[in-house]
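Observations on chain architecture
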Amino acid sequence: MNLVVPMLALTVGTMLLRIVGPLLRSRVTLSPRIEMLSSTAVAVLFVALVATQALIVDTAFAGFALPAGVVVAAVLAWRKAPFVVIVLAASATTAALRFFGVA
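Structural notes, computed from the coordinates. (Residues numbered from 1 in each chain as written. Predicted model: local features only at pLDDT ≥ 70, side-chain atom pairs only at ≥ 80, totals over all residues. Heavy atoms only, no water.)

**Concerning the layout of surface pockets**
Put simply, the largest pocket is a space of about 260 Å³. Residue lining of the largest pocket: 13 residues in total, with G69, V70, A73, A74 and I86 positioned closest to the centre. Where the lining of the largest pocket is concerned, the elements lending two or more residues are helix 2 (32-55), helix 3 (65-78) and helix 4 (83-99). In terms of residue count, the dominant contributor to the lining of the largest pocket is helix 3 (six residues). Among the residues making up the lining of the largest pocket, the classes are represented as 11 nonpolar, two polar and no charged. (1 Å grid on protein atoms, 1.4 Å probe; cavity = no way out; pocket = protein on both sides within 12 Å on 5 of 7 lines; lining within 4 Å. Points joined across faces, edges and corners; volume = space filled by probe spheres on them. Helix = DSSP H or I, 4+ residues; strand = E, 2+ residues; numbered from the N terminus. Nonpolar A, V, L, I, M, F, W, Y, C, P; charged D, E, K, R; others polar.)

**Here we look at the packing of helix 3 against helix 4**
Helix-helix packing: each pair is described by the crossing angle between the helix axes and the interaxial distance. Axis separation between helix 3 and helix 4 bottoms out at 8 Å; the angle between their running directions is 155°. Of the possible angle classes, the one that applies to helix 3 and helix 4 is roughly antiparallel. Judged by the twist between their axes, the crossing of helix 3 over helix 4 is right-handed. Here A65, L66, A68, G69, V72, A73, L76 and A77 of helix 3 lie close against helix 4, whose contacting residues are V85, I86, A89, A90, T93, T94, L97 and R98. When grouped by side-chain class, the residues that make up the contact of helix 3 with helix 4 number 12 nonpolar, three polar and one charged. (Axes fitted to C-alpha atoms, helices over the stretch in contact; angles between N-to-C directions. Parallel < 35°, antiparallel > 145°, perpendicular 65-115°, else oblique. Left-handed = near helix turned anticlockwise from the far one by under 90°. Contact = heavy atoms within 4.5 Å.)

Geometric descriptors of this kind do not, in isolation, establish any biological role.
This is how it looks when you write it as structure tokens:
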């Protein structure tokens, strides 16, 4: 199956959306309620993505090491730690728990 045509169509569509978005931002006004709802929707989608990636691996429970690393990362992000520190602490937590047999 040739995937070049769909890939090109998605590329062109993405680029058009990226160009049209800033152009329309000055012409279209959204109500404060819609802006609040869209911000909330982004947060909900992000939390759902993090939850599914942290809790499920190959259609099974990921174990306790991976969610523990995500919790460490979330706490450090909440405390406004630098990104490198967050990544290193989360990966070190997950690796240490797996090393000690917590799957």
